[in-house]
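# Notes for the structure review
The lines below spell out each chain.
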Amino acid sequence: MVEISTSLLSVKKDNIIKTIYNLETAKTDYFHIDVMDGIFVENNTSEDMLEYCDYLSNITNIPLDVHLMVSDVRKYVDLFLPYNPNIITIHYEAFKDKYELLDMLDYIKLNNCKAGIAIKPNTDISEILDILEVVHIVLVMTVEPGKGGQKLIDRTLNKIKELSDYIKEKKIDIEVEADGGINLDNISEVKEAGVDIVVSGTGIIQAEDCKEVIRNMKR
Ligand code: DX5
Ligand code: ZN
């Protein structure tokens, strides 16, 4: 059974409170917080996502799954830690060298938060196999990071399959998360590739009945 992490990226401000209540009723497993700094990716969503985290902390106890698409990682880890996220995921491509990356993962864990590593579609899984033992989550981007509503890139499903086979073979205690362009039409292929958590934004937010969609996604 996969867990669903609903991305709030495409939610407009005047809809956010209602959407949070609807998603809580719909039993999303996580709220996926897409933080963009306008440097690592073109868009800048950090102000909005901080505001949304304020609302979330007053409304719900459903865990936060924070996805940092930023260059100054430490700055944004420190901005979001006060919201006690369950997970903070940082991008492999945001680091010049592995030691910096390992230090940041340690910093996140020392702050009582699960640490995740995200890889873009063109980053091969071979780049991160040696750090799987020190992260809780691997987030495989199934679209180019930077905006919602894109189409899933099919070849990324092979990456997920390769990664999840490796994890099973090595018996590594870690979760695989897929993020981008996932909806009811393609989620079964994503599940077959071998994921534990699925991020969906447009596929859920634009639905008439997000409760129905989330129930069917989990099936
Ligand atoms: C893209 C984000 C994804 C995206 C998911 O950079 O990391 O989380 O917002 O939204 P959809 O499901 O619409 O692709
Ligand atoms: Zn994301």
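This text goes with the structure placed above it.
Residues numbered from 1 in each chain as written. Chains lettered and ligands numbered in written order. Predicted model: local features only at pLDDT ≥ 70, side-chain atom pairs only at ≥ 80, totals over all residues. Heavy atoms only, no water.

The next point concerns the overall build of the protein. Looking only at helices and strands, one finds 8 helices and 8 strands in the protein. Along the three orthogonal principal directions, the C-alpha set of the protein runs to about 40 × 35 × 30 Å. Per-residue burial over the protein gives 52% buried out of 219 residues. Here the analysis covers contacts within the protein between residues at least 6 apart in sequence; of these, 67% occur between residues at least 24 apart. For the protein, the exposed area adds up to about 10300 Å²; of that, 46% sits on carbon and sulfur atoms. Charge centroids of the protein, computed over 24 positive and 39 negative side chains, lie 3 Å from each other. (Helix = DSSP H or I, 4+ residues; strand = E, 2+ residues; numbered from the N terminus. Buried < 20%, exposed > 50% of the residue type's maximum accessible area, 1.4 Å probe, protein only. Contact = heavy atoms within 4.5 Å. Areas by Shrake-Rupley, 256 points an atom, 1.4 Å probe, with all protein chains shown as cover. Lys, Arg positive; Asp, Glu negative; His and termini not counted. Charge placed at Lys NZ, Arg CZ, Asp CG, Glu CD.)

A few words now on the coordination of the zinc ion (ligand 2). With distances of 2.1 to 2.2 Å, the protein atoms coordinating the zinc ion (ligand 2) are His-32 (NE2), Asp-34 (OD), His-67 (ND1) and Asp-179 (OD). Here the zinc ion (ligand 2) binds 6 donor atoms, and the angle range of 73 to 177 degrees at the metal identifies the geometry as octahedral. Here the donor residues of the zinc ion (ligand 2) share one chain and are spaced in sequence as H-x1-D-x32-H-x111-D. Asp-34 matches His-32 in its accessibility class, with the two residues each being buried. (Donors = N, O, S within 2.8 Å, 3.2 Å for Na, K, Ca; no water. Tetrahedral: all angles 85-135°; square planar, octahedral: opposite > 155°, others 65-115°.)

It is worth spelling out the site of ligand 1 at this point. Near ligand 1 there are 20 residues, and of these Asp-34, Gly-146, Asp-179, Gly-201 and Thr-202 occur at the shortest range. Measuring from an oxygen atom of ligand 1, one finds a side-chain N or O atom of Ser-7 at 3.5 Å. The separation between an oxygen atom of ligand 1 and a polar main-chain atom of Gly-181 is 2.8 Å. A total of 380 Å² of accessible area belongs to ligand 1 in isolation, and the protein chains cover 99% of it. Taken together, the elements giving at least two residues each to the shell around ligand 1 come down to strand 2 (30-36), strand 3 (64-69) and strand 8 (197-200). Broken down by class, the residue content of the shell around ligand 1 amounts to 6 nonpolar, 11 polar and 3 charged. (Near = heavy atom within 4 Å. Polar contact = N/O pair within 3.5 Å; in protein donor to acceptor, adjacent residues only side chain to side chain. Nonpolar A, V, L, I, M, F, W, Y, C, P; charged D, E, K, R; others polar.)

Another point: helix 2 (residues 46-59). The first and last C-alpha atoms of helix 2 sit 20 Å apart over 14 residues, in line with the 20 Å expected at 1.5 Å per residue. Inspection of helix 2 places Ser-46, Met-49, Leu-50, Tyr-52, Cys-53 and Leu-56 among the buried residues, and these make up the whole buried set. Axial view of helix 2: buried residues confined to an arc of 160 degrees, hence all on one face. Pointing more than 90 degrees away from the buried face of helix 2 are the exposed residues Glu-47 and Asn-58. Those residues of helix 2 that are buried lie in contact with helix 1 (16-25), strand 2, strand 3 and helix 3 (73-80). (Expected span 1.5 Å × (residues − 1). Arc of directions from axis to C-beta.)

Let us look at unusual backbone geometry. You will see that Asn-84, though not glycine, has its phi angle at about 50 degrees, which is positive. Position of Asn-84 among the secondary structure elements: in the loop between helix 3 and strand 4 (87-91). A positive phi angle is found at Lys-171, which is not glycine, with a value near 50 degrees. Within the secondary structure, Lys-171 sits in the loop between helix 5 (156-170) and strand 7 (175-179). Exposure remark for Lys-171: the relative accessible area of 75% places this residue in the exposed category.

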